[in-house]
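Read off the chains here:
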Amino acid sequence: MKIDIKQFSENLMLYGADVHQWPEDIRQAGLDALENYPDLQKLSADQEHFEKVLKKRKYEEPDSSLEQRIISSALDQKKEADYGQGSFLQELLSELLLPKPALIAVSVLMIFILAIGFAIGFSSSSGPAADWQKQANLREFLYYEGEIL
């Protein structure tokens, strides 16, 4: 059995840098590939160095406050999920960095301008539309079925 470079690197990650510890059915093919390809020797040396670094690293116990930090983080995320339109406007206005009386004045002014805009929009659009509708109704009445009454 012959191993190519890809198979060797996969087995290297699965079974480790020591080819002598690999399963029997692929061990000899791995040793042969290691002797024939200098790139695989470098790859094996890198894997061996990586394994040594992992062995030196010690397991660290989690901090005693880890549980509380996880719970408080989950609660903070829930508060962010309850974000509504009012919260959006409040955050938008708070970004202006105005003192509270000025912020209230800006809010009232925005509501006032919005109300005036609605009033103008509804009052002006209904006038010409109503006149046009009356003219159309009058024409239909006068020219009923193509005859002038």
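Residues numbered from 1 in each chain as written. Predicted model: local features only at pLDDT ≥ 70, side-chain atom pairs only at ≥ 80, totals over all residues. Heavy atoms only, no water.

Novice: What is the right way to look at the nonpolar core in this model?
Specialist: Note on soluble globular proteins: their nonpolar side chains tend to be buried together. Ranked by size, the top nonpolar core spans eleven residues in total: Ile3, Phe8, Leu12, Val19, Trp22, Ile26, Ala29, Leu31, Ala33, Leu34 and Leu40. At the level of secondary structure, the elements contributing two or more residues to this core comprise helix H1 (5-15) and helix H2 (24-36). When residues of this core are assigned to their parent elements, the largest contribution, five residues, is made by H2. Setting aside its immediate chain neighbours within four residues, Phe8 contacts Ile3, Val19, Trp22, Gly30, Ala33, Leu34 and Leu40. (Core = buried A, V, L, I, M, F, W, Y, C linked by side-chain atoms within 4.5 Å. Buried < 20%, exposed > 50% of the residue type's maximum accessible area, 1.4 Å probe, protein only. Helix = DSSP H or I, 4+ residues; strand = E, 2+ residues; numbered from the N terminus. Contact = heavy atoms within 4.5 Å.)

Novice: Please explain the packing of H2 against helix H3 (residues 38-56) as it appears in this structure.
Specialist: Describing two packed helices takes the angle between their axes plus the distance from one axis to the other. Following both chains from N to C, one finds H2 and H3 inclined at 110°, their axes separated by 5 Å at the closest point. When the axis of H2 is compared with that of H3, the two are roughly perpendicular. Contacts from Ala33, Leu34, Glu35 and Asn36 in H2 reach Pro38, Leu40, Gln41 and Ser44 in H3. (Axes fitted to C-alpha atoms, helices over the stretch in contact; angles between N-to-C directions. Parallel < 35°, antiparallel > 145°, perpendicular 65-115°, else oblique.)

Novice: Would you take a moment to explain H1 for this structure?
Specialist: Turn by turn, an α-helix covers 3.6 residues, leaving residues three or four places apart pointing in a common direction. For H1, the full list of buried residues reads Phe8, Ser9, Asn11 and Leu12. Projected down its long axis, H1 carries its buried residues within an arc of 165°, all on one side. Exposed side chains of H1 directed beyond 90 degrees from the buried face belong to Lys6, Met13 and Leu14. Check the buried side of H1 and you find it contacts H2 and H3. Backbone geometry just after H1 places Gly16 at a positive phi near 105°. (Arc of directions from axis to C-beta.)

Worth remembering: the numbers are spatial, not functional.
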